[in-house]
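A closer look at the structure
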Amino acid sequence: MREIKFRVWDHEDGQFDAGYWTYQDGSIDHDCKNLGGDYTIQQYTGLKDNNGVEIYEGDLCVPSLDESYSHLKCEIEYRSGCFWFGRIPLYKQISKFVVGNIFEGVDK
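For the structure given in this document, a descriptive report is provided here. Because the structure is a prediction, the values reported are computed rather than measured.

1. Things to note about the overall build of the protein chain
Within the protein chain, the secondary structure is distributed over zero helices and eleven strands. Secondary structure of the protein chain in N-to-C order comes out as β-β-β-β-β-β-β-β-β-β-β. With an accessible surface of roughly 6700 Å², the protein chain has 47% of that area assigned to carbon and sulfur atoms.

Next comes the structure, spelled out in structure tokens:
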């Protein structure tokens with residue numbers, strides 16, 4: 001069974017909250033600050049990229065770190081019951097690298 005956890009983007013502070021949320025026994029338990037104001041919660045996909053980085057919805061990924069693939073950058077989205085890498089279900093995309101997220105932009 002995959003680990004269910006979340007990260008929280010605080011729009012007021014312009015950063016991800018230091019903690020994360022997990023779903024345990026039907027209740028939400030969190031070790032981050034009390035959320036107030038404008039924030040976005042993003043779910044962990046249960047998958048890691050080729051460098052071992054956890055992939056969350058809202059991450060920006062490419063199929064290769066080669067510059068010639070930079071135009072294939074896609075936001076990871078949850079729809080129709082699964083996470084998607086563009087038009088491909090994320091679990092079917094063999095090679096994937098997190099290069100940033102929708103809030104902070106591209107790291108590489």
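Following the structure, the description resumes.
2. What to know about the environment of Trp-84
Relative to the helices and strands, Trp-84 resides in strand S8 (residues 82-85). By relative accessible area, which is 17% here, Trp-84 ends up buried. Sequence-wise, Trp-84 and Cys-74 are ten residues apart; in three dimensions their C-alpha atoms are separated by 8.9 Å. Not counting residues within four places of it along the chain, the set of residues in contact with Trp-84 comprises Glu-75, Ile-76, Glu-77, Arg-79, Pro-89 and Leu-90.

Rules behind the numbers
Residues numbered from 1 in each chain as written. Predicted model: local features only at pLDDT ≥ 70, side-chain atom pairs only at ≥ 80, totals over all residues. Heavy atoms only, no water. Helix = DSSP H or I, 4+ residues; strand = E, 2+ residues; numbered from the N terminus. Areas by Shrake-Rupley, 256 points an atom, 1.4 Å probe, with all protein chains shown as cover. Buried < 20%, exposed > 50% of the residue type's maximum accessible area, 1.4 Å probe, protein only. Contact = heavy atoms within 4.5 Å.

None of the figures reported here should be taken as evidence of function without further support.
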